[in-house]
Amino acid sequence: MIRINPIFTFLLLTLFFSCEQTLTVDTENIASSVVIDAFIDNHPGRQTINITRSRRFYDNAGFERVSADAVYIEDLTDPAQPDYIFVETSSGVYEWTPASSAGSFGMVGHDYQLVVIDGDSEFRSISTLNPVPVIDSIRFNFEEESGFFDERFEAEFFATDLSGFGNTYWIKGFKNGIFLDKPEYITTSYDGGFSASNEDGILFIPPLRTSINPFEEDEQGYDTGDNVRVELLSITEDTFLYLNEIFTQTSRQGGISEIFSVPVTNLNGNIEVLSGNQSVLGFFCTSSVSIAKLTLTEAVAQQAIERAN
Amino acid sequence: MIDNNLNAITKLKELFLLLAVVPSFTFAQDKFTINGYVKDASNGESLIGATVLIKEIGTGNVTNVYGFYSITVPAGNYTVEISYLGFQTQTREISLTGNIRIDIELGEEQTALQEVVVTAEAADKNVTSTEMSIAELDIKTAVKMPAFMGEVDVIKSLQSFPGVSTVGEGASGFNVRGGSVGQNLLLLDEAPVYQSSHLFGFFSVFNPDAVKDMKLYKGGIPAQYGGRISSVLDIRMKEGDSKKMNYEGGVGLIFGRFAVQGPIIKDRTSFIAAGRRSWADFLLKPANVLNNSDQVYFYDLTMKANHTFNDRNRLFLSGYWGRDIFQFEGAGFNWGNRTGTLRWNHLVNDRLFTNFSLIYSKYDYELAFGEEVDNSFNWDSEITTVEFKPQASYFINISNELKFGGRLTYYEFEPANAVGISEGEPIDLSVAKRYAAEGAVYINNNQKIFDRLRLTYGIRLSVFNFLGSGNAYVLEDPAPGRRKQIADTVSYGSGEVIESFITPEPRISFNYQLNNTSSIKGSYNRMAQYIHLVSVTTAPTPLDLWVPSTNNLSPEKSHLYSLGYFRNLSNNKYELSGEVWFRTISNQLDYRNGLSTGDLLINEVVERDLLSAKGRAYGLEFYAKKNSGRLNGWISYTLSRAEINTEGLNNNEWYPANHDQMHNLKIAGFYDLSKKVRLSANFAFISGRPFTVMNETYEIAGYTVYNGDRSRNNDRIANYHRLDLSMTIDLYKGNKPGRENSLVLSVYNVYGRQNAFSNFINQSDANFGEAAIPEYNQFSVIGFPFPSISYNFKF
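Only a predicted model underlies this, so the values are computations on that prediction, with no experimental measurement involved. (Residues numbered from 1 in each chain as written. Chains lettered and ligands numbered in written order. Predicted model: local features only at pLDDT ≥ 70, side-chain atom pairs only at ≥ 80, totals over all residues. Heavy atoms only, no water.)

What about the overall build of chain B?
Secondary structure assignment for chain B yields seven helices and 51 strands. Against the compact-globule benchmark of 28 Å for 795 residues, chain B has a radius of gyration of 27 Å, which places it among compact chains. Its C-alpha atoms give chain B principal-axis dimensions of about 90 × 65 × 50 Å. Among the 795 residues that make up chain B, the fraction classed as buried is 62%. Taking as baseline every contact in chain B between residues at least 6 positions apart, the subset at least 24 positions apart corresponds to 66%. Summed over all atoms, the accessible surface of chain B reaches about 28500 Å², with 57% contributed by carbon and sulfur. Across chain B, the centroid of the 75 positively charged side chains sits 9 Å from that of the 84 negatively charged ones. (Helix = DSSP H or I, 4+ residues; strand = E, 2+ residues; numbered from the N terminus. Rg over C-alpha atoms; globule rule 2.2 N^0.38 Å. Buried < 20%, exposed > 50% of the residue type's maximum accessible area, 1.4 Å probe, protein only. Contact = heavy atoms within 4.5 Å. Areas by Shrake-Rupley, 256 points an atom, 1.4 Å probe, with all protein chains shown as cover. Lys, Arg positive; Asp, Glu negative; His and termini not counted. Charge placed at Lys NZ, Arg CZ, Asp CG, Glu CD.)

Quick look at the structure:
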């Protein structure tokens, strides 16, 4: 998805004044829902599912944790495979640990079904573990001060979309091990570009390649000593849409970009209620993942500056 | 299906030919025709809607958009009276023994400081004509209204009429009677304008210096118009002074304006060229807000020329060229419209007036990212139309005026021409072009049934073909309200018809005159719209796409019923009207939850994300206007609802449209303080727009997200109200007519109300890795009194 609002904000901030004030909205007291947060990938090691309850908008206490009776994932493609049993390690946190430390979840190409049983409620969801290309390389570029940006080092990764139409990806950036977890940073790709086009099998396009950089007013790109990690995850098309919905729902910069904002709506989750009276929110997605890391050492920085010149 | 349509087209052609032949039948020999043009004596501009009255019969004709009239009456002696609002009425005694041509030039009424004085005969038009649901604004009145940043704005001033609204300050376009912005047809000298705003919506693209007349049809839309279902805004440019050269211009906070017009050959050939350019960049660069290489400006150039060959032939060429440009290092964005209209007025005989128009219109935008040539991303998108429009008016007799004609339009849609250059390797991400052709024929008669009853009835038959070359997608819709899946793709060759639509659009209006000062009017409109503005945001953006109807996207259609009471008081000093209306819409565009503009760009199959909705809207409009006196102006009030029903959304129940605003009160007042100083004021009260309340929060994939109760638009933002004042000081000391030298001081939002544009949730500026705390915010565009000053001259 193409990020439009930053463009508008950019252009108009210098031209107009506007104002904002906080307000209290009369929210309805609706019954809370079970929230299943199940993003699973095939990175070696344990996988986690969180089950909580939604809370009232103005309630700032922590999220209530749900201790379900059973949480597991079945292989629908090869039912002979043993189920992946998720064990509650702390309240509402369910973990699956492979037999060996090199073991990982699932097989590429298989369909998986998540099952959650909580009392008389049963929830289910299906996802496919799609393949993901390798990340060919990652580097730092030296960028001079320009427009609204300061002088900085920008990380850039290179990977090529898998052939075939309709491959969808989630690109996650981590700076010094911390996930760039603000909604503005949600970056998805469709066949290596923004959205479904006629192209396929291309090198991921430039704005996506550099999407792993912080662009805060007081934190832009990377400094010497920092490290970057990029995770490229294969996702289903529904997940692609869902992540974009999260972006649209939560990334509101306010100011003049409000004029071009999309009215807020609920997210289209993919968990279904099979039985019971509890309503459910959340998402189940299985991903293959490619990971690359690089530390911005003095030498790497020097190379970047030389390349820039 | 296609064969049937082709058959229908053939029949339409036959009908059209037949209609063209009708005028050759002659009528009783003892009747003769008076015809001619009515013009402004000071500059030769045609007067649109001037009344030509045969006093003895008490009836007559109104000049058309080219200033032409034709009246056929039995031989005899008559007094012909020609009148036009704000002009001196002229009378001619004629002895009618043969066809006679009377071209008239009316002189402006000379009153203190252009106070509008109404001539009785012309002013009762609102009671006598079948036209209803019209918002008509003379540019002289628009100029007097207080304007944001002192910039006169055609579209903003129309919003002071009943039934016309907007979602908020700075929003592009306008909403008419529950319709969306893309359902309005905007015509600039007949050319469709696809994007009507500069600076994302703050200013409209129509330069007031070049506009002569604007008329908004909210209902009772005559059969010659079609292609959108909500309204038609018909803007006519000035022709250019045919008597003498003159220059006008001014400086406001945003634009510097200059216009020149004058004769090339006196009374035969004249031209006008009017340009505007924003000038803020001249200040921002020295102030170092902008770098020297940055560009931030917008401009438009509006031009027109015309030549009168002889009594029967006249040619007009007009065009518009405008662009908004934002160029920074590493990012650029620009957009604009281009239109061109070539028109030939041909008087076939004394009673048959024809016009042939060749029209071109293009809207495009370009975006560019990346500082290096080797690693950049550029894309542009455009819609181009070429149109041929023959139109004829046949003035049969005093009781019948027949209009007929047609339209043939070719569309080319380029959703995205996108190239990414990656390490020097270009990657073409372009989305295939789409093509379509639209045709229509219409016939419309304005008939006086008897003295008190006038009918306008007609039909328009429109045809639309979605054409190759290109792919047609077969879509599956397993879950209503979600993205559809592609089941199959069928390839079509160049010019092949992929899908075809045909719609008969009957139009009828009546006026029953109760007495000399009051009447009851009613109308019914069927309208079809084949191209759609896909706009998911609160207000339209310059990036919104126009898409054709396809095998997956049906034409939007509407029925509109209106009924009104019109009354004038005190010798037409006051005009009052009230109307009720009801509209139903089928195949209205709606969007799945969470769809954003970004999802639709560079997207091969946008129809996957579009939903087809039912729409309904109804309302009550009041309008009271005082035409003359030192204090004049109008009050308009609208009570209305606009609702949508979409399968898969809102539990399949009706929900309020984003632009649903129950109460809409507008007051425009003008007061002449002295001969040199005029005050004017605007007041607006508008009910808050709906928004969807999120009741809960939850965490998913590390993000804090929200959840509502599955209903859409279940609460309202705060009501909107605002007062603007302005004072115009006439600085001109001389006494030559047509000269001007004035200063306009104005304050927008006098009492500084922080009017809500939207209520939205934003998340606290937590650091990476920390939980976000969401809170509701109200956003206001201009939350304080905004003073402006502008200077205007004319010589």
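Comments concerning the pattern of salt bridges
All names here are of chain B. This model, assessed by the stated rule, comprises 58 salt bridges over all chains. As a salt-bridge pair, Arg343 and Glu190 come within 3.1 Å of each other at their nearest N and O atoms. In this pair, Arg343 is assigned in strand 23 (residues 331–349) and Glu190 in the loop between strand 12 (184–188) and strand 13 (191–192), connecting sequence segments 153 residues apart. As far as burial versus exposure is concerned, Arg343 and Glu190 are alike and both buried. Arg407 serves as the salt-bridge partner of Glu387, at 3.5 Å between the closest nitrogen and oxygen. Taken together, the residues Glu387 in strand 25 (residues 376–397) and Arg407 in strand 26 (residues 400–422) connect sequence positions 20 residues apart. On the accessibility criterion, Arg407 (12% relative accessible area) is buried. One network of salt bridges, in which partners are shared, links Asp189, Glu190, Lys304, Arg343, Glu387, Lys389, Arg407 and Glu438. (Salt bridge = Lys/Arg side-chain N within 4 Å of Asp/Glu carboxyl O.)

Remarks on the domain arrangement of chain A
Residue and element names in this part refer to chain A. Taken domain by domain, chain A comprises domain 1 (34–130 + 263–287) and domain 2 (131–250 + 290–308). For domain 1 versus domain 2, the separation of C-alpha centres amounts to 27 Å. Residue-level contacts link 19 residues of domain 1 with 14 residues of domain 2. Surface buried jointly by domain 1 and domain 2 totals about 1300 Å² across both partners, of which 66% is contributed by carbon and sulfur atoms. Taken as a group, Asn130, Leu267 and Phe283 account for 43% of the area that domain 1 buries against domain 2, more than any other trio of residues on that side. Counting across the interface, domain 1 meets domain 2 through zero salt bridges. Along the contact surface separating domain 1 from domain 2 lie five residue pairs in polar contact (both at pLDDT 80 or more). (Domains from an automatic or database assignment. Buried area = accessible area lost by both parts, 1.4 Å probe. Polar contact = N/O pair within 3.5 Å; in protein donor to acceptor, adjacent residues only side chain to side chain.)

Re the sheet that holds strand 1 (residues 19–22) of chain A
Taken in spatial order, the three strands line up as 1(A)-50(B)-49(B) in an open sheet, and their pairing is antiparallel. Two strands lie at the open edges of the sheet, namely strand 1 of chain A together with strand 49 (758–763) of chain B, each paired on one side alone. The mean angle between the axes of side-by-side strands here comes to 40°, regardless of whether they run parallel or antiparallel. As judged from the six bridges shared by strand 49 of chain B and strand 50 (residues 774–780) of chain B, these two strands associate in the antiparallel manner. Bridged to Asn762 of chain B within strand 50 of chain B is Glu775 of chain B. (Pairing = 2+ DSSP bridges. Axes fitted to C-alpha atoms, helices over the stretch in contact; angles between N-to-C directions.)

As for the confidence of the model for chain A
Mean pLDDT over chain A works out to 90, with 93% of the residues at or above the 70 mark. Ranking the elements of chain A by mean pLDDT puts helix 1 (residues 5–13) of chain A last, at 51, and strand 2 (residues 34–41) of chain A first, at 98. (pLDDT = per-residue confidence, 0-100.)

Digging into the interface of chain B and chain A
Counting residues at the interface gives 105 residues for chain B, matched by 96 residues for chain A. Taking both sides of the interface into account, the surface hidden between chain B and chain A amounts to around 8700 Å²; carbon and sulfur atoms contribute 63%. Across the chain B-chain A interface, the total number found is three salt bridges. Between Glu237 of chain A and Arg608 of chain B there is a salt bridge; the shortest N-O distance is 3.2 Å. Inspection of the chain B/chain A interface yields 22 residue pairs in polar contact (both at pLDDT 80 or more). It is strand 50 of chain B that contributes the most residues to the side of chain B that touches chain A, seven residues altogether. Broken down by class, the residue content of the side of chain B that touches chain A amounts to 49 nonpolar, 35 polar and 21 charged. Across two bridges, strand 4 (residues 55–56) of chain A lies against strand 44 (residues 696–700) of chain B in antiparallel orientation. Bridging from a neighbouring strand, Arg56 of chain A pairs with Glu696 of chain B of strand 44 of chain B. (Nonpolar A, V, L, I, M, F, W, Y, C, P; charged D, E, K, R; others polar.)

Focus on the packing of aromatic side chains
All names here are of chain B. Going through the model one piece at a time under the given rule, you end up with 62 aromatic pairs over all chains. On the numbers, 6.2 Å between centres and 40° between planes, the contact of Phe148 with Phe202 is tilted. Of this pair, Phe148 sits in the loop between helix 4 (139–144) and helix 5 (154–158) while Phe202 sits in the loop between strand 14 (197–198) and strand 15 (203–204); the two residues are 54 residues apart in sequence, bridging distant segments of the chain. Given the relative accessible area of 11%, Phe148 is considered buried. Look at Phe202 and you get buried, because its relative accessible area is 3%. When the ring of Trp634 is compared with that of Phe670, the centres are 5.8 Å apart and the planes differ by 50°; the resulting orientation is tilted. One end of the pair, Trp634, is in strand 39 (residues 631–646); the other, Phe670, is in strand 41 (residues 663–672), with 36 residues separating them in the sequence. No difference in accessibility class separates Trp634 from Phe670, as the two residues are buried. The lysine or arginine in question, Arg236, covers the ring of Tyr66, its NZ or CZ lying 5.9 Å from the ring centre. Above the ring of Phe757, the side-chain terminus of Arg689 is found at 5.6 Å from the ring centroid. (Phe/Tyr/Trp six-rings, centres within 6.5 Å; stacked < 30°, edge-to-face > 60°. Lys NZ or Arg CZ within 6 Å of the ring centre and 35° of its normal.)

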